[in-house]
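Take a look at the letters that make up each chain.
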Amino acid sequence: MRGFAIAATLALVLSAAPTFAQTPPAQPPAQPPAQTAPAPAPQPPAPFPAGAKIAFVDFNRIAAESSEGKSSAAKINALIQKKQTEGSDKAKKLQADQTKLQQTGSVMSDAARGQLEKDIERQQVEGQRFQQDAQAEVQELQKDLNDEFQKHLLPILQQIAQERGLQLLLSRGDAGIIWGDPGLDLSADVIKKLDGGKPAATPKQ
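Keep in mind the model is a prediction, meaning the values are calculated, not measured.

(A) Up close: the packing of aromatic side chains. According to the stated counting rule, one finds zero aromatic pairs in the structure shown. Above the ring of Phe130, the side-chain terminus of Lys90 is found at 5.4 Å from the ring centroid. Stacked on the ring of Phe48, the Lys or Arg Arg164 has its end atom at 4.8 Å from the ring centre.

Written out as structure tokens, the structure reads:
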């Protein structure tokens, strides 16, 4: 469609690379749940402005609320949790051997102490390699899921733009939009189509 433009870059992953080779910090004592006011009733979606030729979507919302986005995030978080657990186990073993060397190294035989020192050095090298490999594995999964998500998303964006008779479809996060009529936000329509729903068609203006 003439004039159709998309900036389809998604943020399905954590903003900072996770650390896998450190022992998790102790958790603070549980606090009683705070009393919260009931959530306000959801507002009906704003109508699409008649005659509008420009609209936008919020990719962060689409990734957070769509079934595919939630599934991708769950897969990434599961892998991160697995690697963090493995890294924590390795860190605990290294710490135990370092403590053993400090406390009993002076009474060990030269051979036993030398072997323990070699084991500690090997674990330190392996721990660094593990962290690098784990981060690379998470990043690879993030990229694969992101590519798959975009493959499903782009045709839907084009379809919605054509159905609405748009000349331009923007990404809210990339276009620098300060304010826009809420009815121009087509994120909900995108989520419905991604999840297999069929939002009511709106005649072209």
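From this point on, the discussion continues.
(B) Local environment of the side chain of Asp185. Note that Asp185 resides in the loop between helix 4 (172-175) and helix 5 (187-194). Since its relative accessible area comes to 19%, Asp185 is described here as buried. Setting aside chain neighbours within four positions, we find Asp185 in contact with Phe56, Val57, Asp58, Arg61 and Arg172.

(C) Representation of helix 2 (residues 67-104) within the structure. Over its 38 residues, helix 2 extends 55 Å from the first C-alpha to the last, a length consistent with the 56 Å expected when each residue adds 1.5 Å. Buried residues along helix 2 sit in contact with helix 1 (59-65) and helix 3 (110-164).

(D) Summary view of the pairing of strand 2 (residues 168-171). Residues Leu169 and Ser171 line the buried face of strand 2, whereas the alternating positions Leu168 and Leu170 sit on a face that is not buried. Where strand 1 (residues 54-57) and strand 2 come together, four bridges link them in parallel fashion. Residue Phe56 lies in a different strand from strand 2, and its bridge partner there is Leu170.

(E) How the structure looks around helix 5. Among the eight residues of helix 5, six are classified as buried, and the element is accordingly described as predominantly covered. Packed against the buried residues of helix 5 are strand 1, helix 1, helix 2 and helix 3. Backbone geometry just downstream of helix 5 places Gly196 in the positive-phi region, at approximately 90 degrees.

(F) Main features of the environment of Lys192. As for its placement among the helices and strands, Lys192 is situated in helix 5. Taking the C-alpha atoms as reference points, Lys192 and Ser67, separated by 125 residues in sequence, lie 9.5 Å from one another.

(G) Focus on the environment of Leu169. Within the fold, Leu169 resides in strand 2. Once the C-alpha coordinates of Leu169 and Lys53 are considered, the two residues, 116 residues apart in sequence, prove to be 8.5 Å apart.

(H) Highlighting the environment of Gln128. Relative to the assigned elements, Gln128 resides in helix 3. For Gln128 and Gly87, which are 41 residues apart along the polypeptide, the C-alpha to C-alpha distance reads 9.8 Å.

(I) Molecular detail of the pattern of salt bridges. Tallying each qualifying case throughout the model produces twelve salt bridges. A salt bridge links Lys83 to Glu86; its shortest N-O distance comes to 3.8 Å. Here Lys83 and its partner Glu86 are both found in helix 2, three residues apart, which amounts to about one turn of the helix. On the accessibility criterion, Glu86 (27% relative accessible area) is partly exposed.

The rules behind these values
- Residues numbered from 1 in each chain as written.
- Predicted model: local features only at pLDDT ≥ 70, side-chain atom pairs only at ≥ 80, totals over all residues.
- Heavy atoms only, no water.
- Phe/Tyr/Trp six-rings, centres within 6.5 Å; stacked < 30°, edge-to-face > 60°.
- Lys NZ or Arg CZ within 6 Å of the ring centre and 35° of its normal.
- Helix = DSSP H or I, 4+ residues; strand = E, 2+ residues; numbered from the N terminus.
- Buried < 20%, exposed > 50% of the residue type's maximum accessible area, 1.4 Å probe, protein only.
- Contact = heavy atoms within 4.5 Å.
- Expected span 1.5 Å × (residues − 1).
- Pairing = 2+ DSSP bridges.
- Salt bridge = Lys/Arg side-chain N within 4 Å of Asp/Glu carboxyl O.

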